[in-house]
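# Breakdown of the fold
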Amino acid sequence: MEVMTAKYSGYCFGVKRALKITEELLKKKGNKKTKIFTLGSVIHNSGVSCSLADKGLISVRDLKKIEPGSIFIIRSHGMSPNLIKEIKEKNIKIIDTTCPFVKKAQARAAELSSNGYFVIIIGNKKHPEVMGIKDYILNGNYAVIENKAEAERLPEKEKIGIVVQTTQILDRLILISGKSLKRTKELIVYNTICDTTRNRQNSTEELAKKVGVMVIVGGKNSANTRNLASISKKINKRTYHIESHREIRPEWFKKVKKVGISGGASTPAEDIIDVKKAIEKL
Ligand code: SF4
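Residues numbered from 1 in each chain as written. Predicted model: local features only at pLDDT ≥ 70, side-chain atom pairs only at ≥ 80, totals over all residues. Heavy atoms only, no water.

### Some thoughts on the pattern of salt bridges
This model, assessed by the stated rule, comprises 13 salt bridges. The closest approach of N and O atoms between K134 and D135, which form a salt bridge, is 3.8 Å. Judged by relative accessible area, K134 falls into the partly exposed class, the value being 22%. One salt bridge connects E247 with K220, and the closest N-O pair in it is separated by 3.3 Å. Residue E247 is found in the loop between β11 (239-242) and β12 (258-263), and its partner K220 is found in the loop between β10 (213-217) and α9 (223-235); the two are separated by 27 residues along the sequence. Judged by relative accessible area, E247 falls into the partly exposed class, the value being 27%. When salt bridges with common partners are traced through the structure, they connect K125, E146 and E150 into a single cluster. (Salt bridge = Lys/Arg side-chain N within 4 Å of Asp/Glu carboxyl O. Buried < 20%, exposed > 50% of the residue type's maximum accessible area, 1.4 Å probe, protein only. Helix = DSSP H or I, 4+ residues; strand = E, 2+ residues; numbered from the N terminus.)

### Re the site of the ligand
Every residue near the ligand is listed here: C12, G14, C99, F101, V102, T166, T167, C194, T196 and T197. Looking at the shell around the ligand, the elements that each hand over two or more residues are α4 (100-114) and α8 (195-210). (Near = heavy atom within 4 Å.)

Coordinates in, geometry out; function isn't part of it.
Pasting the structure below:
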């Protein structure tokens, strides 16, 4: 079997940057008593999260658990400005690793809102990036839309502005923008899907056309990895989304000559290499 890896896969620029800043902080901290917190995991990858926890990073689900005098890391997904204000008021030092692409989406949402547009955010309602973006919009004048059906239920608005979660699929943006146009006379669409996501999606799509089986590696809780799996599955029904090489089943590869591998923006290169080696050994 020939095993090929997508041209663009694995850690993106934003994740690399957030991890580098976090690792450096943890190293500097050493045995010092200062505690370093995050809200949720720094990246959607359980192996990396465990390793950061071993080095002293404390991940909490509730802001009340962050102690005054400690350091708080804003993840690459960004965060609600209201929550940032709340943390600052508690004498906590903030280190912001928000990806510049996410900052751009936040700024576009704020700009549309202050210009009186009803803002549509295309994305997953519970994703931290989307939850952060929505708090840049004034007076709750927004809707988070995940699919075509929700777009069809939108009420009419004088003017609508659209931003999109950085890891979404372009086809979904096009589809929902079209539906939104039927609800207004004035529509502005900002395509805030990041370049990294676009490259990973395009190279996954290309590879899925050339191989018998596609294996997508990355966290099941990672939105961009799930999107890669869905793009690949549309082209190649024999697509499997796994988190580790231990999930590989030999029966997936029966009578297959070429296998493609791609990984999400939060997938370490070593995980992709391990999957490649495991398939080559079959
Ligand atoms: S996927 Fe894109 S927006 Fe998200 S962290 Fe990576 S580079 Fe930034």
